Amino acid sequence: MATSTSDRTPDPGASPRPPRSERIAGTALWAGLGVVSTLLGMAAAHLVAAVTTPSSSPVLAVGSQVIDLTPTPMKEWAIRQFGTADKIILVGSVVLVVLVLAGVAGVLARRRLALGAGLLVALVALAAAAAVVQGSVTELLPSLVAAVTGVASLWWLHAKASATSAAEPGQPGQPREAGTGASRRGVLVAAGALAAAAAVLGGAGRFITGLRSGNVDIALPDPASPADPFPQGLEGQVEGITPLRIDNADFYRVDTRLDTPVVDQDSWTLTIDGDVEREITLTFDDLLEMDLIERDITMTCVSNSVGGEFVGGARWLGVRLTDLLDMAGVGDTADQIYSTDFDGMTISTPLDLATDGRDAMIAIGMNGEALPRAHGFPARMIVPGLYGFISATKWITRITLTTYAEKSAYWTDRDWATDAPIKVSTRIDTPNALEELPVGENVIGGVAWAQQKGGVDKVQVRIDGGAWQDAEMGPSVNNDYWRQWFYRWDASEGGHTVAARAISGDGTTQTPARAMPFPEGASGIQELRVTVT
């Protein structure tokens, strides 16, 4: 005869299933143990990377690989949406994904330690592979430290959490659910200690990285060819307008690196080879002893959208690029300068544009100081009038004279243009889009640039699609520098659109045709809407 479920008697030796809330708490605890173990491994690895090679830190290595593998349209979207915060968001996203998987590793370790440890090792293996791809086998050390520290921490916390207590009354021989009662308190104390250790190690790594990446105080020699006296800008007269010269700390930075490279000027060299009569290698001291030029030059990133922030003017000090090329003696077949940075990043520059008489240079100084590390110390290339992706190699160590048919650089491989002169453009700094303005006189102002086109001759402003009106111009610095402008507008109540365009010294009018940054720079007219009340 069948026995009903209600007639069954519980097995007195069977363990009752813990309440749902306790099961959730237990899972959360084990996930937390995986996260803490991983954080300690990451912190230890970051500290090791800080004293060796900062870019070999596992998170940065993975992030750099993500940058290389990300399709160009997605990169441009990220830059448009997040600006200079795009790298912070990328690193944060990598860390978030790692910590989620670390939580999974902790939950797996609850059932079987080998499974959780295996997942952690797999994560570190990915970082190690990225470090090798980005650098060399010698950069594996931080990843090895992360693996050993993370797995050892997980093993120790697993032992703590799996320990059984004395049998509870009425349940002879039954082990206590891991992570409850006194056992849970002990595990939490252990996890807290490891979390504190992770904070200390991570903080030490950041402190050391900050010290090493600080700017170098070097006495630079006076230029043999100094720049003209710099004029007073409009920033003291027009509120909200961009300064005529951008301070080093405020100058935009766009490159593929997630760290600030630390390159020693005493061991740094610049080699010029390829299609040359003689290969030469120069030290930093060699550059200091050469005739230096000082020039005011506005630089622009090709990722700069219409009205964007990735443009800036500064005073640069360096050796004429043509002086260096003359020392090597350029051959007859080269049509590109294929430059390489200390870590293998490559950029192609059209040889004819770099040597056509413009003030192209290998810069070692910026605004009266040694070149900041974030902007290429010990030396970088600057070619006025060309977007940075084909002209502004930072941390440069090699110049190879070759042809586009023989060598293809980083951005060329990603289908960006090989010849990309900076387009005539204007940015409205004030007012801001959607800003509310008072009735009466308001000032519209900003900056405009037209490098290698005679500079900016005039800027015109248009209100509500009407006729273009000439703005008042700030001082003109030179052919390669931007120019401030402003327009006094007698504003009436209501909603209005404001637009501005530039006209260069050679008569080129900024085009209204809209183009995205890829593949040769953005174009179009910036237009914004304001409300006058």
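See the structure shown above.
Residues numbered from 1 in each chain as written. Predicted model: local features only at pLDDT ≥ 70, side-chain atom pairs only at ≥ 80, totals over all residues. Heavy atoms only, no water.

Student: Describe in detail the overall build of the protein chain, supporting the description with residues and values.
Tutor: When its secondary structure is counted, the protein chain shows 11 helices and 19 strands. For 533 residues, the compact-globule formula gives about 24 Å, and the C-alpha radius of gyration of the protein chain, at 30 Å, lies well above that figure. Overall, the protein chain is about 100 × 70 × 45 Å in size when its C-alpha atoms are taken along their principal axes. Across the 533 residues in the protein chain, those meeting the buried criterion constitute 50%. (Helix = DSSP H or I, 4+ residues; strand = E, 2+ residues; numbered from the N terminus. Rg over C-alpha atoms; globule rule 2.2 N^0.38 Å. Buried < 20%, exposed > 50% of the residue type's maximum accessible area, 1.4 Å probe, protein only.)

Student: Mind laying out the side chain of aspartate 296, listing which residues take part and the relevant values?
Tutor: Position of aspartate 296 among the secondary structure elements: in strand E3 (residues 292-300). With relative accessibility at 5%, the residue aspartate 296 sits in the buried group. Reaching out from aspartate 296, the side chain makes a polar contact with the side chain of arginine 315 at a distance of 2.8 Å. Here aspartate 296 is in contact with Ala227, Asp228, Phe230, Arg245, Ala314, Arg315, Val477, Asn478, Asp480 and Tyr481, once residues within four sequence places are set aside. (Polar contact = N/O pair within 3.5 Å; in protein donor to acceptor, adjacent residues only side chain to side chain. Contact = heavy atoms within 4.5 Å.)

Student: Which residues make up the sheet that holds strand E13 (residues 440-449), and what values do they have?
Tutor: Spatially, the four strands line up as an open sheet ordered E11-E13-E17-E16, and their pairing is antiparallel. Each of the sheet's edge strands pairs with one partner strand only, and the pair in question is strand E11 (425-430) and strand E16 (472-473). Two strands pair when backbone bridges link them, and E11 and E13 are joined in this way by five bridges, in the antiparallel orientation. In the sheet register, arginine 427 faces E13, and the bridge partner there is valine 447. (Pairing = 2+ DSSP bridges.)

Student: Which residues make up the pattern of salt bridges, and what are the values?
Tutor: According to the stated counting rule, one finds 17 salt bridges in the structure shown. The closest approach of N and O atoms between arginine 320 and aspartate 359, which form a salt bridge, is 3.0 Å. One end of the pair, arginine 320, is in strand E4 (residues 311-320); the other, aspartate 359, is in the loop between helix H10 (351-354) and strand E7 (361-366), and 39 residues separate them in sequence. Judged by relative accessible area, which is 24%, arginine 320 ranks as partly exposed. Connected through salt bridges with shared partners, the residues Arg245, Glu294, Asp296 and Arg315 form a single ionic network. (Salt bridge = Lys/Arg side-chain N within 4 Å of Asp/Glu carboxyl O.)

Student: Just give me the short version of the pairing of strand E5 (residues 336-341), but keep the residues and values in it.
Tutor: Side-chain direction in a regular strand flips from residue to residue, so the side chains alternate between the two faces of the sheet. Burial analysis of E5 places six of its six residues in the buried class, the great majority of the element. Bridge analysis of E5 against strand E6 (residues 346-350) gives five bridges, and the strand direction is antiparallel. When the bridges of E6 are listed, serine 339 appears paired with isoleucine 347. In this structure, the hairpin formed by E5 and E6 is closed by a connection of four residues, where glycine 344 is found at a positive phi of approximately 95°.

Student: Pulling in residues and values, what's your account of the packing of aromatic side chains?
Tutor: Per the stated rule, a full pass over the model turns up 11 aromatic pairs. Here the aromatic rings of tryptophan 268 and phenylalanine 284 are separated by 6.3 Å at their centres, their planes lie at 80°, and the arrangement is edge-to-face. Of the two residues, tryptophan 268 is situated in the loop between helix H7 (181-212) and strand E1 (269-274) and phenylalanine 284 in helix H8 (residues 284-289); the sequence distance between them amounts to 16 residues. A relative accessible area of 3% means that phenylalanine 284 is categorised as buried. Every member of this aromatic cluster is reached through a ring pair, and the members are Phe389, Tyr410, Trp411, Trp416 and Phe518. Directly above the ring of tyrosine 338 sits lysine 407, whose terminal nitrogen or CZ lies 5.2 Å from the centroid. (Phe/Tyr/Trp six-rings, centres within 6.5 Å; stacked < 30°, edge-to-face > 60°. Lys NZ or Arg CZ within 6 Å of the ring centre and 35° of its normal.)

Student: Residues and numbers for the nonpolar core, please.
Tutor: Leu287, Trp316, Ile362 and Ile399 are the most contacted members of the largest nonpolar core, which totals 81 residues. With sequence-adjacent residues up to four places away left out, leucine 287 is seen in contact with Trp268, Leu282, Leu292, Val319, Leu324, Ile362, Ile364 and Ala379. Grouped together as the second largest cluster of nonpolar side chains are 21 residues, Ile444, Val459, Tyr487 and Val498 included. (Core = buried A, V, L, I, M, F, W, Y, C linked by side-chain atoms within 4.5 Å.)

Student: Residues and numbers for the packing of helix H1 (residues 20-51) against helix H6 (residues 141-162), please.
Tutor: When two helices pack together, you describe them by how their axes are tilted relative to each other and by the distance separating the axes. Where H1 meets H6, the closest approach of the two axes is 8 Å, and the angle between their N-to-C directions is 150°. As the angle between them shows, H1 and H6 are arranged roughly antiparallel. Here the hand of the crossing between H1 and H6 comes out right-handed. For the pair H1 and H6, contact is made by Trp30, Leu33, Gly34, Val36, Ser37, Leu40, Gly41, Ala44, Ala45, Val48 and Ala49 and by Leu141, Pro142, Val145, Ala146, Thr149, Gly150, Ser153, Leu154, Leu157, His158, Ala161 and Ser162, respectively. Partitioned by chemical class, the residues of the contact of H1 with H6 number 15 nonpolar, eight polar and no charged. (Axes fitted to C-alpha atoms, helices over the stretch in contact; angles between N-to-C directions. Parallel < 35°, antiparallel > 145°, perpendicular 65-115°, else oblique. Left-handed = near helix turned anticlockwise from the far one by under 90°. Nonpolar A, V, L, I, M, F, W, Y, C, P; charged D, E, K, R; others polar.)

Nothing here speaks to function; it is all geometry.
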